[in-house]
Amino acid sequence: MSVVFSSGEVRERYESGLAALRREFDYSGNGVAVVSGRTALVDDVVLTCYNQLVEKEIVPPNCVSIVALGGYGRGSLLPHSDVDLLFLFRDGKHEAAYKDQLSQIYLDLWDLKIRASATARTVVECGKLDLENPEFTVSLLDSRFLIGDRELFDEVRNKVLPALMRKSGTALMNLVCQSARTRHAKYANTIYHLEPQVKEGPGGLRDYNLANWLALAKSFRASGLWPAPESLFRFPLRAELNSAFDFLVSVRCFLHYRNGRDDNQLSWEAQDAAAEKGIGAPSVSIQPAQWMREYFRNARTIHGACLQLMDDAMRTPASLLDKLRGIPRRATGTKSDAALSTILQLENEPSWKTALAIFQRMALEPLQLSVDAQRLLRASASQFASASAKPAWPELSPILVGRFAGSALRAMRDSGYLDVLISELKLIDALVIRDYFHRYTVDEHSILTIDTLHGLRSSESEWAQRFAEVLDELDKPEVLYLALLLHDVGKGVEGEDHVVGSLRIAKQVLVRLNLDPQDQDTVLFLIRSHLEMSASMRRDIFDSKVIGALAAKVETPEPLKMLTLLTYADISSVNPEAMTDWKAETLWHLYASTANFLNRHVDEAIVHGTLDSDASGKFHSFPPQLAKQMQPFLQGLPQRYLKIYSPEQIVQHFSLFSKLQHGGVELSLLPDRDLYELTIVAADKAGLFATIAGALSASGMEIVKANAFSNSSGVAVDCFYFKDRFRTLDLNASEHEQLKEKIARILRGERSLDELIRSRSGLRRSTTPKVQIETRILLENESSTHNTVLEVVAQDRPGLLYQIAQCLMQLGCNIEIALIETEGEMALDVFYLTVDGRKLSIEMHNRLREELQEKLGDDLA
Amino acid sequence: MGMTKIEAIIQPSKLEPAKEALLEIGVEGMTIIEVRGHGRQKGHTEIYRGREYTVDLLPKIKLELVLSDELVDRAVQTIISVTRTGRIGDGKIFLSRIDEAIRIRNEERGVSAL
């Protein structure tokens with residue numbers, strides 16, 4: 001109960017003042033006038049209360065200094081914000097004598113429905129940093145004298161607080177930064193939320209205040225003096241931050257008035273209403289999506305400034321400038337190191353190469369752009385608009401595979417460079433698509449999917465670790481990352497199914513990026529199928545029909561791996577809780593079952609009769625009669641053959657087949673990225689595969705991958721991919737022909753393989769394995785209709801494949817199909833076997849298992 | 001009018017049909033929980049790259065819905081009809097009495113709060 005306000009005059013003044021502010025806001029939508037207006041109204045109440053207490057001799061004059069703290073201290077009181085007061089006493093004696101009487105002020109504020117909190121401190125207490133409550137010391141940075149003993153306030157402001165800042169300023173700012181990091185992490189470190197928190201979220205007003213504190217502390221540290229507020233930031237950042245502050249304050253005022261309380265969540269409904277009223281925006285009414293882009297633009301300015309100052313304060317990571325000095329010249333054209341550090345400040349048109357070198361570097365290291373660098377890049381990006389017309393895949397690809405690709409892509413998005421490279425991404429720039437599951441804007445979700453995959457290796461989750469292994473096995477992870485970047489771009493087109501839209505848009509992007517046609521197909525497949533595994537997870541994943549259906553869609557292991565990872569990333573990036581252990585486990589089992597299905601059912605689908613339209617379409621760039629001419633060659637080969645080889649490879653195999661004479665052998669040897677590809681077309685016979693494997697191993701080649709298939713006419717097409725361990729082929733061009741000739745002669749029986757093996761030491765282990773892989777052998781007759789499937793998992797080592805193949809040959813097993821893979825130090829070999837055209841008997845299973853265990857185990861021992 | 005809680009443990013693949021069928025008979029709200037478990041149905045073993053991955057506790061979905069008593073029988077029959085395959089592992093349904101229901105927004109109580 002108030003004892004001070006008997007007339008109600010102050011109440012009337014306060015309430016009519018608030019009503020006037022509200023009317024003004026409803027008309028103008030300008031929150032800056034509201035926050036300064038409410039501050040003045042509360043000042044009036046506090047001053048009147050204090051003066052009456054003094055007049056009524058309840059307290060003597062100058063017994064206290066009443067100080068405004070926090071937002072109230074800054075003069076930015078929002079309609080429903082709390083009011084923080086400090087009763088500052090000379091000493092404990094004064095505090096004990098007058099504290100209770102002064103609490104009348106506090107009570108009167110509550111009677112006016114002002115949520116006030118008051119703190120009592122002595123001057124000495126203000127000079128101590130309480131590690132448990134650093135917020136109090138921080139709030140002193142925003143302190144403003146209201147009434148009472150001015151000298152007390154000046155003593156704290158000019159002596160006590162500076163002394164504390166000199167002694168503990170760095171520690172204080174570190175504490176504040178740590179707290180901010182925790183707060184940012186709560187919001188997934190992104191401003192791009194569908195329903196942002198305008199106060200606490202990244203880029204919100206709390207960050208604006210933090211940026212001011214950090215800038216103030218930095219300036220004080222340098223000069224030992226409190227800087228003038230207007231000198232905290234240089235132009236044009238100062239103007240940008242002021243503009244962002246005005247916008248966000250207007251939004252918060254709007255939310256407070258709309259919700260009738262201190263609720264700062266910018267819900268979808270609030271976004272609609274704010275856009276309609278044109279809150280904070282220059283025009284009166286705009287579309288919600290456009291208004292939200294304006295919101296994100298302002299939040300980005302604050303977030304960027306805040307992160308840079310936090311980075312400064314915490315000294316980690318190092319500033320961009322320092323890092324850029326280390327960029328090698330070749331990556332940045334002809335610029336010198338000295339020029340590099342200032343290039344963005346000195347030149348109006350930073351070179352395209354320099355800008356991309358910055359982003360490529362950002363993808364490799366945990367760097368952030370300074371706000372000045374962001375601004376300069378933004379300004380320069382518009383000058384490269386025509387770059388979108390030229391292929392940019394060689395520049396984009398290394399960015400996507402970098403560990404910190406997400407950070408680089410965000411910098412590219414925020415500076416406009418991503419739009420220059422892929423203008424279609426403008427469609428989803430800061431786009432809010434409302435659903436009850438997604439938490440982030442479409443572009444942020446897409447970048448988060450890439451972050452998710454790059455973060456797999458460092459995750460402690462058992463499931464993430466397993467998916468990380470799958471990621472490590474991909475031949476071209478950059479293709480998957482590009483698919484992730486584009487998979488939801490269709491959401492930016494209204495009225496069209498987003499998968500259809502994404503596909504249509506991605507097609508034109510891929511052509512412009514000039515991706516290899518097969519990679520284009522992979523990206524389009526991933527976009528087209530990006531909901532397939534989620535749908536399969538809602539079915540019975542232990543039902544072989546479900547697994548078979550998925551296997552039929554992915555066709556080969558590589559697309560399955562990519563689709564699995566895409567699904568994991570897509571679900572994980574919907575919101576932080578979306579990827580539960582339950583879902584991760586389900587996805588893993590779906591992946592493992594489908595991978596097994598693919599490896600164990602290769603012989604089920606073979607090429608019969610004329611090629612289907614899919615297969616024929618593959619050869620569209622060749623003369624129309626070619627597909628027909630190839631029929632005898634393709635007849636009886638597994639469909640897998642058509643899927644894993646490019647049209648050019650198949651045509652080349654056909655060319656070898658066409659030259660093949662009775663009893664002969666045709667070979668080709670070509671470089672394939674960091675490997676060599678040896679293709680052998682020959683009449684299938686017992687020991688063919690083992691002989692080739694042995695000849696390669698004896699020649700010092702390390703077989704990494706192999707596929708062996710045969711057609712209906714008994715012609716085998718065996719492809720071996722191997723590393724040239726001793727660089728024999730790399731360094732001697734003539735060795736190419738010699739290797740081919742050597743293998744051909746062995747296959748024709750003109751030279752002894754045993755002799756070659758004896759003469760070379762290629763079968764000896766070259767290095768000690770880093771990871772011990774236990775040999776595991778699986779033999780089963782159930783998966784395939786006509787073959788026994790043998791799976792061997794073993795420690796990879798030179799000559800392993802030859803040992804296995806030799807063992808199979810010695811037991812009379814015919815290799816119908818072989819699928820050989822090496823993942824790290826693990827060899828994963830799958831063979832489809834028959835003996836005399838039939839599956840292996842159980843006795844033969846046991847014999848083969850024993851032989852293999854003995855042979856492979858012996859070698860390990 | 002009394003209230004009953006239905007807890008149905010079902011196959012994940014039956015969630016969508018169950019939701020749709022319940023919606024058709026007028027059940028609009030339910031809680032869905034991802035759970036793991038097994039009854040007489042044994043786990044599943046997959047050998048991937050020579051290593052055995054055994055799922056002892058199979059993924060299941062638990063539906064929770066509180067209904068006025070007059071709807072309970074129809075809801076139970078609906079769940080059974082769309083989730084039953086006749087094989088082990090189809091799941092179970094548990095019913096229990098509910099003393100009170102309160103809508104947090106307006107403190108409405110009883111069946112009208114459902």
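What counts and how
- Residues numbered from 1 in each chain as written.
- Chains lettered and ligands numbered in written order.
- Predicted model: local features only at pLDDT ≥ 70, side-chain atom pairs only at ≥ 80, totals over all residues.
- Heavy atoms only, no water.
- Helix = DSSP H or I, 4+ residues; strand = E, 2+ residues; numbered from the N terminus.
- Rg over C-alpha atoms; globule rule 2.2 N^0.38 Å.
- Buried < 20%, exposed > 50% of the residue type's maximum accessible area, 1.4 Å probe, protein only.
- Contact = heavy atoms within 4.5 Å.
- Areas by Shrake-Rupley, 256 points an atom, 1.4 Å probe, with all protein chains shown as cover.
- Lys, Arg positive; Asp, Glu negative; His and termini not counted.
- Charge placed at Lys NZ, Arg CZ, Asp CG, Glu CD.
- Pairing = 2+ DSSP bridges.
- Axes fitted to C-alpha atoms, helices over the stretch in contact; angles between N-to-C directions.
- Salt bridge = Lys/Arg side-chain N within 4 Å of Asp/Glu carboxyl O.
- Polar contact = N/O pair within 3.5 Å; in protein donor to acceptor, adjacent residues only side chain to side chain.
- Buried area = accessible area lost by both parts, 1.4 Å probe.
- Core = buried A, V, L, I, M, F, W, Y, C linked by side-chain atoms within 4.5 Å.
- Parallel < 35°, antiparallel > 145°, perpendicular 65-115°, else oblique.
- Left-handed = near helix turned anticlockwise from the far one by under 90°.
- pLDDT = per-residue confidence, 0-100.
- Phe/Tyr/Trp six-rings, centres within 6.5 Å; stacked < 30°, edge-to-face > 60°.
- Expected span 1.5 Å × (residues − 1).

(A) Up close: the overall build of chain B. Helix and strand counts for chain B come out as two helices and six strands. Each helix and strand of chain B, placed in order from N terminus to C terminus, yields the pattern β-α-β-β-β-β-α-β. A compact globule built from 114 residues would reach a C-alpha radius of gyration of about 13 Å, whereas chain B, at 17 Å, exceeds it by more than 25%. Along the longest, intermediate and shortest principal axes, the C-alpha atoms of chain B span 60 × 30 × 20 Å. When the 114 residues of chain B are sorted by exposure, 39% land in the buried category. Partitioning the intrachain contacts of chain B with sequence separation of at least 6 by distance along the chain shows that 73% fall at a separation of at least 24. Counting only carbon and sulfur atoms, one obtains 47% of the accessible surface of chain B, whose full area is about 6,900 Å². A gap of 7 Å separates the mean positions of the 18 positive and 18 negative side-chain charges of chain B.

(B) Structural context of the sheet that holds strand β3 (residues 116-122) of chain A. Residues and elements named next belong to chain A. Judged by pairing direction, the sheet is mixed, and its four strands sit side by side in the order β3-β2-β1-β4 without closing on themselves. Each end of this open sheet is capped by a strand with a single partner; those strands are β3 and β4 (144-148). Neighbour-to-neighbour, the strand axes of the sheet open up by a mean angle of 25 degrees, direction not taken into account. Along the sheet, helix α2 (residues 31-55) contacts β1 (65-69), β2 (83-89) and β4; its crossing angle with β4, the most-contacted strand, is approximately 25 degrees.

(C) Expanded view of the pattern of salt bridges. Residue and element names in this part refer to chain A. Under the definition given, this model contains 51 salt bridges over all chains. Close ionic contact of arginine 115 with aspartate 82 constitutes a salt bridge, the shortest N to O distance being 2.8 Å. With arginine 115 in the loop between α4 (92-111) and β3 and aspartate 82 in the loop between α3 (70-73) and β2, this residue pair connects regions lying 33 residues apart in the sequence. The partly exposed category is assigned to arginine 115, whose relative accessible area is 41%.

(D) Quick look at the sheet that holds strand β11 (residues 814-823) of chain A. All names here are of chain A. Ordered in space as β5-β6-β8-β7-β11-β12-β10-β9, the eight strands form an open sheet in which the pairing is antiparallel. For this open sheet the edge positions go to β5 (665-672) and β9 (776-780), each flanked by a neighbour on one side alone. Pairs of neighbouring strands in the sheet enclose a mean axial angle of 15 degrees, with direction left out of account. By the bridge criterion, eight bridges tie β5 to strand β6 (residues 675-683) in an arrangement that is antiparallel. Pairing of leucine 670 across the sheet is with glutamate 677, part of β6. Its contacts with the sheet put helix α27 (residues 581-600) on β9, β10 (788-795), β11 and β12 (826-834), and the angle it makes with β12 is roughly 45 degrees.

(E) Molecular detail of the side chain of arginine 157 of chain A. Residues and elements named next belong to chain A. When you line up the elements, arginine 157 lands in helix α7 (residues 150-186). This buried residue, arginine 157, is left without a salt bridge; aspartate 142 holds the nearest opposite charge, at 7.1 Å. Of the polar contacts made by the side chain of arginine 157, one reaches the backbone oxygen of leucine 140; its length is 3.3 Å. A polar contact is formed between the side chain of arginine 157 and the side chain of serine 143, at a distance of 3.5 Å. Arginine 157 has contacts with Leu140, Leu141, Ser143, Pro162 and Trp226, leaving out every residue within four places of it along the chain.

(F) Structural detail: the interface of chain B and chain A. Each partner contributes residues to the interface: chain B has 19 residues there, and chain A has 28 residues. Between chain B and chain A lies a buried interface of about 2,100 Å² when both sides are counted; carbon and sulfur atoms form 55% of it. On inspection of chain B and its partner chain A, the count reaches two salt bridges. Note that glutamate 34 of chain B and lysine 583 of chain A form a salt bridge whose closest N and O atoms lie 2.6 Å from each other.

(G) Examining the nonpolar core more closely. All names here are of chain A. Ranked by internal contacts, the top residues of the largest apolar core, which has 108 residues, are Ile66, Ile105 and Trp291. The contacts of tryptophan 291, once residues within four sequence positions are left out, are Phe247, Val251, Leu266, Gln271, Ala274, Ala275, Gly278, Ile279, Ala281 and Ile286. The next biggest cluster of nonpolar side chains, apart from the first, holds 92 residues, and it includes Ala381, Leu421, Leu480 and Leu515.

(H) Looking closely at the packing of α7 of chain A against helix α8 (residues 205-223) of chain A. Residue and element names in this part refer to chain A. Contact geometry for α7 and α8: axes closest at 10 Å, N-to-C directions at 150 degrees. In terms of axis orientation, α7 runs roughly antiparallel to α8. Helix-helix and strand crossings are classified by hand; for α7 and α8 the assignment is left-handed. Contacts between α7 and α8 pair Pro162, Met165, Arg166, Thr170, Met173, Val176, Cys177, Ala180, Arg183 and His184 from the former with Arg206, Asp207, Leu210, Trp213, Leu214, Ala217, Phe220 and Arg221 from the latter.

(I) Main features of the confidence of the model for chain B. Looking at chain B, the pLDDT average stands at 88 and 97% of residues meet or exceed 70. Under the prediction, the complex receives an ipTM of 0.75, its pTM being 0.79.

(J) Fine view of the confidence of the model for chain A. Scored by pLDDT, chain A comes out at a mean of 87, with 92% of its residues at no less than 70. Helix α13 (residues 337-346) of chain A is the least confidently modelled element of chain A, averaging 31 in pLDDT, while helix α21 (residues 477-486) of chain A averages 97, the highest of any element.

(K) Local environment of the packing of aromatic side chains. All names here are of chain A. Per the stated rule, a full pass over the model turns up 21 aromatic pairs over all chains. Look at phenylalanine 467 and tyrosine 568: their rings are 4.7 Å apart centre to centre, the planes differ by 40 degrees, and that puts the pair in the tilted class. Placement of phenylalanine 467 in helix α20 (residues 462-472) and of tyrosine 568 in helix α26 (residues 557-572) is noted, with a sequence separation of 101 residues between them. Note on tyrosine 568: relative accessible area 8%, which makes it buried. Classification of phenylalanine 467 as buried rests on a relative accessible area of 0%. Three or more aromatic residues joined by ring pairs make a cluster, and in this case those are Phe633, Tyr641, Tyr645, Phe654, Phe657 and Phe709.

(L) Quick peek at the environment of methionine 630 of chain A. Residues and elements named next belong to chain A. Tracing the sequence through the fold places methionine 630 in the loop between α29 (624-629) and α30 (631-634). Sequence spacing of methionine 630 and proline 477 is 153 residues, and the spatial spacing of their C-alpha atoms is 33 Å. Among residues more than four places away in sequence, those in contact with methionine 630 are Phe619, Ile650, Val651 and Phe654.

(M) Representation of α26 of chain A in the model. Counted at 1.5 Å a residue, the expected span for α26 of chain A with its 16 residues is 22 Å, and the 22 Å between its end C-alpha atoms agrees. For α26 of chain A, the buried fraction is high: 14 of the 16 residues fall into the buried class.

(N) Up close: the pairing of strand β4 (residues 51-55) of chain B. Residues and elements named next belong to chain B. Bridge count for strand β3 (residues 44-48) against β4 is five bridges, and the pairing is antiparallel. Each residue of the ladder has a partner; that of glutamate 46, found in β4, is tyrosine 53. Linkage of β3 to β4, two consecutive antiparallel strands, is achieved through a turn of two residues, within which arginine 49 is found at a positive phi near 55 degrees.

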